[in-house]
Amino acid sequence: MDCLLLLQQILVVLFTVVFFWKLIKYMWSFTNIEKEPVRVLVTGQIGYAIVPMIARGAMLGPDRPVILHMLDIEPAAEALKGVKMELIDAAFPLLKGVVATTDVVEACKDVNIAVMIGGFPRKEGMERKGVMSKNVSIYKAQASALEEHAASDCKVLVVANPANTNALILKEFAPSIPEKNITCLTRLDHNRALGQISERLNVHVGDVKNVIIWGNHSSTQYPDVNHAIVTTGNGEKPVRELVADDRWLQTEFITTVQQRGAAIIKARKLSSALSAASSACDHIRDWVLGTPKGTWVSMGVYSDGSYGIQPGLIYSFPVACAKGEWSIVQGLKIDEFSRAKMDATAEELIEEKSLAHSCLN
C-alpha cells in the first residue's frame, strides 16, 4: 500500500514537472517571435551618418528589425547606391531591407518613421528669404508624399534647417498626420548643453539631466539649467548650485551652446554629422520607448500655449515620453531672465512663420 502511494506521488511530481516544462517552452516561444520590422525613412546625404546607427539598433532598440528607406536628389543617385551596397556588406542582423531611391513616392511608401535631414543649405551671398523659399518647396513636396503614402501613424522628425519652420510647413501640407507626430530636432542642442555642464563640473555626462532648450533651433535658442540636476555621491544636486557661477551660466554657457554648430563648421569645414545623427537617434528612441521617470528631454513640438508661447508654432519645450507619446512638462518656474529669452526666440519663430507663408504665396 505504501509503495502504491509512493508511486502515485512520484507520478504526480513527474506530471507537474512535464506540465511546467511544456508551459515554459510555450511561453519562451512567444518571447522569441521576431517583431515586425519598422520602416524608417532618412532623407539627404548627411543622413548617411545615421543609417548604420539605425541598423545597429541605436534608434529603436536591439530587438527591433528595421527596413531603411533612403531618399536623395538625382545627382546623388550613384552615391546612394554605394551606401546601399555598404549597408548590405555590413550584414546588420536587424536590417531586413533597404530602399534607396530618388523617387519621393517610393521613399515614403508605408514608412512608420521619417527622419527629414535633406534640405537646401544657405550658401554664401544668399538672402534668408531665398533659403526659406527653397526649403518651403522641398518640404511642401515631401509633406504631400508622406500624406499620401506613409503609414497613418507615421512619426516625423525634421532635422534640416530651419528645422522648426520646415516642420511647420510639413505639418500644413500633411494634415492627416497628427500634429503630435510632427517634431523637429533640438536634442542636439540639449545634448550639447549636457556636454558643456559635464565638462565644466568634470562629471560624467550621464550624471547630468533635465537641462532645457527653449524655442528655435537657431542662435536665439535658450539653453536653460535652472531645473537641471547632477547625480553625485551625496545624491542629486542642482546644476546652478554646483557650478556656482551665474555669470558663466547666463553668458558663456548659453553662447557656446547656441554657436556650437558654427564652431564645428569652422573646425572641420563641414557641419555636424556624427553628433546630429546620434541626437536624432536619441530623439526617436525616447519618443518611441519612453524617457526614464523623473527625466525630461528637449523636443521641438507643436505649441499648445504652454508657458505663454503662441499656439501654432513648432517650439522646443521640455517633454517627457511614454507609450510612444510626448507631453510637455508643466509647472516649471520661469524667472525674469528666462522669460525674456523664451519670448525672444518665440518672436524669431513668428517672423520665420510669416516669411515661410510669404514664400508659399
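Just so you know, these numbers come straight off a predicted model, no measurement behind them.

Caption draft 1: Expanded view of the pattern of salt bridges. A full pass over the atoms with the stated rule returns 10 salt bridges. A salt bridge links K35 to D63; the shortest N-O distance between them is 2.9 Å. With K35 in the loop between α1 (2-31) and β1 (38-43) and D63 in the loop between α2 (51-56) and β2 (66-71), this pair connects stretches of sequence that are 28 residues apart. Judged by its relative accessible area of 37%, K35 is partly exposed. The partly exposed category is assigned to D63, whose relative accessible area is 43%.

Caption draft 2: Quick look at the packing of aromatic side chains. Scanning all chains against the criterion turns up five aromatic pairs. Between W214 and Y307, the aromatic rings sit 5.1 Å apart at their centres with planes inclined by 70°, giving edge-to-face as the arrangement. Note that W214 is positioned in strand β8 (residues 212-214) and Y307 in the loop between β12 (297-302) and β13 (314-322), a separation of 93 residues in sequence. For the pair shown, W214 and Y307 are each scored as buried. Ring geometry for Y222 versus F337: centroids 6.0 Å apart, planes at 70°, classification edge-to-face. Here Y222, found in strand β9 (residues 222-224), pairs with F337, found in helix α13 (residues 336-360); they are 115 residues apart in sequence, far enough to count as distant. The buried category is assigned to Y222, whose relative accessible area is 2%. What links up through ring pairs into an aromatic cluster is the set W214, Y307, Y315 and F317. The ring of W326 is capped by K180, whose NZ or CZ atom sits 4.3 Å from the centre of that ring.

Caption draft 3: Spotlight on the packing of helix α6 (residues 163-173) against α13. Contact geometry of α6 with α13 gives a least axis separation of 10 Å together with a crossing angle of 50°. Between α6 and α13, the angle falls in the class oblique. The element α6 and its partner α13 pack so that their crossing is right-handed. Across the interface between the two elements, N164, T165, L168, I169, E172 and F173 from α6 touch L349, E352, K353, A356, H357 and L360 from α13. Within the contact of α6 with α13, the residues separate by chemical class into six nonpolar, three polar and three charged.

Caption draft 4: Region of the structure containing the nonpolar core. The biggest cluster of nonpolar side chains holds 68 residues, and the ones touching the most others in it are V40, I50 and V115. Here this core gets six residues from one element, more than from any other, and that element is helix α12 (residues 274-289). Counting only domains with at least three residues in this core, you end up with domain 1 (38-184) and domain 2 (187-360). What V115 contacts, discounting residues up to four positions off in sequence, is V40, L41, V42, T43, I50, M59, L157 and V159. In this structure, V111, A114, V136 and A160 belong to the second largest nonpolar core, which totals 32 residues.

Caption draft 5: Structural detail: the environment of D224. Mapped onto the secondary structure, D224 falls in strand β9. What makes D224 buried here is its relative accessible area of 2%. For the pair D224 and L249, spaced 25 residues apart in the sequence, the C-alpha separation amounts to 8.6 Å. Excluding its chain neighbours within four sequence positions, the residues that come into contact with D224 are V211, I212, W214 and S338. A polar side-chain atom of D224 sits 3.0 Å from a polar atom in the side chain of W214. In this structure the side chain of D224 is engaged in a polar contact, spanning 2.8 Å, whose partner is the backbone nitrogen of N226.

Caption draft 6: Spotlight on the UniProt feature "active site" (unreviewed entry) in the protein. Under the feature "active site" (unreviewed entry), the UniProt entry names H217. Mapped onto the fold, H217 is located in the loop between β8 and β9. When sequence neighbours within four positions are dropped, the list of residues in contact with H217 reads N161, A163, N164, L185, T186 and D189.

What counts, and at which threshold
Residues numbered from 1 in each chain as written. Predicted model: local features only at pLDDT ≥ 70, side-chain atom pairs only at ≥ 80, totals over all residues. Heavy atoms only, no water. Salt bridge = Lys/Arg side-chain N within 4 Å of Asp/Glu carboxyl O. Helix = DSSP H or I, 4+ residues; strand = E, 2+ residues; numbered from the N terminus. Buried < 20%, exposed > 50% of the residue type's maximum accessible area, 1.4 Å probe, protein only. Phe/Tyr/Trp six-rings, centres within 6.5 Å; stacked < 30°, edge-to-face > 60°. Lys NZ or Arg CZ within 6 Å of the ring centre and 35° of its normal. Axes fitted to C-alpha atoms, helices over the stretch in contact; angles between N-to-C directions. Parallel < 35°, antiparallel > 145°, perpendicular 65-115°, else oblique. Left-handed = near helix turned anticlockwise from the far one by under 90°. Contact = heavy atoms within 4.5 Å. Nonpolar A, V, L, I, M, F, W, Y, C, P; charged D, E, K, R; others polar. Core = buried A, V, L, I, M, F, W, Y, C linked by side-chain atoms within 4.5 Å. Domains from an automatic or database assignment. Polar contact = N/O pair within 3.5 Å; in protein donor to acceptor, adjacent residues only side chain to side chain. UniProt positions renumbered as here; feature names shortened; annotations may be inferred.

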